[in-house]
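In case you want the letters, here they are:
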Amino acid sequence: MAGGEQPIIRVCGLKNSFGDQLVHDGLDLDVRRGEIFGVVGGSGTGKSVLMRSIIGLQNPDEGQIEVFGEPMIGRDEEEAKHVRRRWGVLFQGGALFSTLTVAENIQVPIREYYPGIDQELQDEIAAYKISMSGLGSDAGAKYPSELSGGMRKRAGIARALALDPELLFLDEPTAGLDPIGAAAFDQLILELRDGLGLTVFLITHDLDTLYAICDRIAVLADHKVVALGTIPELLALDHEWIQAYFKGPRGRAAARIAEREEADA
Amino acid sequence: MTVTADFSRNVEEGRCVLKLSGNLTILRVRKLSEQLAEIDAEDLTVDLSEVERMDTVGAWLVHKLERDRGARIVGATKEQQQLIEHVTQADQPMKVKREYETPLIRVLGQVGASTRIVIGTLYGLLGFFGSLLISTGNIIRHPRRLRINAIAQQFEVVGVHALFIIGLMTFLVGIVIAQQGAVQLRQFGAEIYTINLIGRSAMKELGVLMTAIMVAGRSGSAFAAQLGSMKLSEEVDAMRTIGVSPMEALVFPRVAATVLLMPLLGFYAAVMVIIGGGIFCWLSLDIPPVTYVQRIREVVPMTDLYQTLVKAPVFGMIIATAGCYQGMQVKGNAEEVGLRTTTAVVQGIFLVIVLDAFFAVFFTSIGWT
């Protein structure tokens, strides 16, 4: 990653509030191309609000947001659409359209942006996207209600990948998965990043995910990013919450596992 | 820079070489995919050295040439190679379509499924009613388990909050009946019988039926939605685990409140119909209120009121039971809550009207004409 390269996401002086409640105040953030960028923070520190602001679901009170070098705030819908198709979003519960099968869910963005691609090719595209996201061969014809939570998230990833995005937003991808499923999901994210050259913006609570796949991590607290860096860099900081987070019993356990895996490798 | 994915073909050493150039992305593959299908040469070589950008859809096309026609790929950069490999790995047999059913089979299947649902619902409702009776028995034996507060709260929601809308609706119905009746009866010079029409239909049918429809729409649906969402959030299960019977704590207060309030609401509605009709008679037919009230007392027999008072609690029982039953049947997802709520209202109103017909025959045969 070249240091001088333009960041893929740049957030400057972001301010968000709901009524009297201040969520962000003067939040700055840069995400570099090709990295897996983790966002952590206690409950209520506005991780999801940050993501919603970047993808344009939440209008911030103040601040600048640039994605792919293009300003996102105050853009009209038509222009924003062209930026929007260059990213994919996985919501917490998968947010699949419940009246469509998994394959049809994946075809929705394709139909929306590239009408006229014949059905056969669309089916083929849906099939390999489903397979890429690690779902079994019968998943394509199923409705979301027939899938388990983990499968729904994988189907959500497949839909997020439908238009070959350069940037993938993931909101707590491993929440609610069993440890084996969560580890497999981490692996999937790594594979997709390496195979497709994605940049990943990831909100998580999962310490194992942070150790296993994140290149850099931003810590949200006190309405802003209080620290940003790799895990060793964060550990070196003297911030109460960061210390409690990474050096708490769960943090230590995750660190030990990560060390062991590195030794094995 | 070319933005389209173009290709040129020439023959080198007996092999057909396709030289792709430009952007090999989803934007251009539709045309390309058709053009490639037209090439019938064997021994293909695909040269990617002039491709500027490639996404997975482009890689998929290249992979298909390799897979189906034994094409040889040359000139791919490392990233492109990686992308094609990634797509190749993802090429697994995959079912993307539901199995097709012929219309005949589908219709037959739907009829069968609906029949099963109807029978299952009737059976379930009966069972639900039975367990409601058992809970009622338990509450009678242990009066301390009676939740007075819950019942009082339902009184307010089912009854007090409905007063305005039921009153307004039946008042207007009264005016409509009076006006329509007067137009017809005027032809025989029998306008005065408008009062008979209003008084008797209001006391016997309109009041209680209108009330039942409104209560089914307001409260039956609310019961289904409330219990349904409690079922979804596992509140009902938590209740059971703690040892509280949902039947006693949730269903009984709702059913009891509806059963007790329906006669009151029904009577109130009948009176409102009569008032609405009376105002029309006064303003339009010049029948003074005193005469109107006196005529009403003469033509409406007491048995008409008894009919309303007998029917109302039964209707209330049906509406509340259907609402609570449907609510308790919710499982799975939030969509189910909406479906069950609709079913509760439809079922409630349907059963009320069917039963009303039976009541009409019954009351006639015992001489309450």
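Residues numbered from 1 in each chain as written. Chains lettered and ligands numbered in written order. Predicted model: local features only at pLDDT ≥ 70, side-chain atom pairs only at ≥ 80, totals over all residues.

### Focus on the overall build of chain A
Inference 1: When you go through chain A residue by residue, the secondary structure sums to 10 helices and 10 strands.
Inference 2: Structurally, chain A occupies a C-alpha span of about 55 × 50 × 40 Å along its principal axes.
Inference 3: With 265 residues in all, chain A has 42% of them scored as buried.
Inference 4: Taking contacts inside chain A between residues at least 6 apart in sequence as the whole, the part at least 24 apart equals 67%. (Helix = DSSP H or I, 4+ residues; strand = E, 2+ residues; numbered from the N terminus. Buried ≥ 20, exposed ≤ 12 C-beta atoms within 10 Å, placed from the backbone. Contact = placed C-beta atoms within 7 Å.)

### Describing the environment of Ser-145 of chain A
Inference 1: Mapped onto the elements, Ser-145 of chain A comes out in the loop between α4 (119–132) and α5 (149–160).
Inference 2: Distance in space between the C-alpha atoms of Ser-145 of chain A and Ser-98 of chain A is 7.0 Å, their sequence separation being 47 residues.

### Notes on the sheet that holds strand β5 (residues 70–71) of chain A
One key point about sheets: their strands pair by backbone hydrogen bonds, in either a parallel or an antiparallel sense.
Residue and element names in this part refer to chain A.
Inference 1: Taken in spatial order, the four strands make up an open sheet running β2-β1-β4-β5, and their pairing is antiparallel. Of all the strands in the sheet, the pair left with one neighbour each is β2 (21–31) and β5.
Inference 2: Pairing of strand β4 (residues 62–67) with β5, which is carried by two bridges, proceeds in the antiparallel orientation. Residue pairing for β5: Glu-66 is matched across the bridge by Pro-71.
Inference 3: Most of the contacts of helix α1 (residues 47–54) go to strand β1 (residues 9–18), to which it runs at about 120°, and overall it touches β1, β2 and β4. (Pairing = 2+ DSSP bridges. Axes fitted to C-alpha atoms, helices over the stretch in contact; angles between N-to-C directions.)

### Some words on the environment of Thr-56 of chain B
Inference 1: Checked against the element boundaries, Thr-56 of chain B lands in helix α2 (residues 56–69).
Inference 2: When the C-alpha positions of Thr-56 of chain B and Leu-261 of chain B are compared, they lie 66 Å apart, and in sequence the two are 205 residues distant.
Inference 3: Excluding residues within four positions of it along the chain, Thr-56 of chain B makes contact with Asp-164 and Leu-196 of chain A together with Leu-83 and Val-87 of chain B.

### Thoughts on the domain arrangement of chain B
Inference 1: Partitioning chain B into domains gives domain 1 (6–89) and domain 2 (146–365).
Inference 2: Centre-to-centre separation of domain 1 of chain B and domain 2 of chain B, based on C-alpha positions: 71 Å. (Domains from an automatic or database assignment.)

### Observations concerning the interface of chain A and chain B
Inference 1: Facing the 26 residues of chain A at the interface are 25 residues of chain B.
Inference 2: Among the elements of the structure, α4 and α6 (179–196) of chain A are those that each provide at least two residues to the side of chain A that touches chain B.
Inference 3: Broken down by element, the residue count for the side of chain A that touches chain B peaks at 10 residues, all from α4 of chain A.

### Considerations on the sheet that holds strand β9 (residues 216–221) of chain A
Residue and element names in this part refer to chain A.
Inference 1: With respect to topology, six strands assemble into an open sheet ordered β6-β7-β8-β3-β9-β10, the strand pairing being mixed. Two strands bound the open sheet, and with one partner strand each, they are β6 (87–90) and β10 (224–229). Strand-to-strand twist of the sheet, defined as the mean angle between neighbouring strand axes without regard to direction, takes the value 15°.
Inference 2: Judged from the four bridges that link them, β6 and strand β7 (residues 167–171) form a sheet pairing that is parallel. In the strand pairing of β7, Leu-90 is matched with Leu-170.

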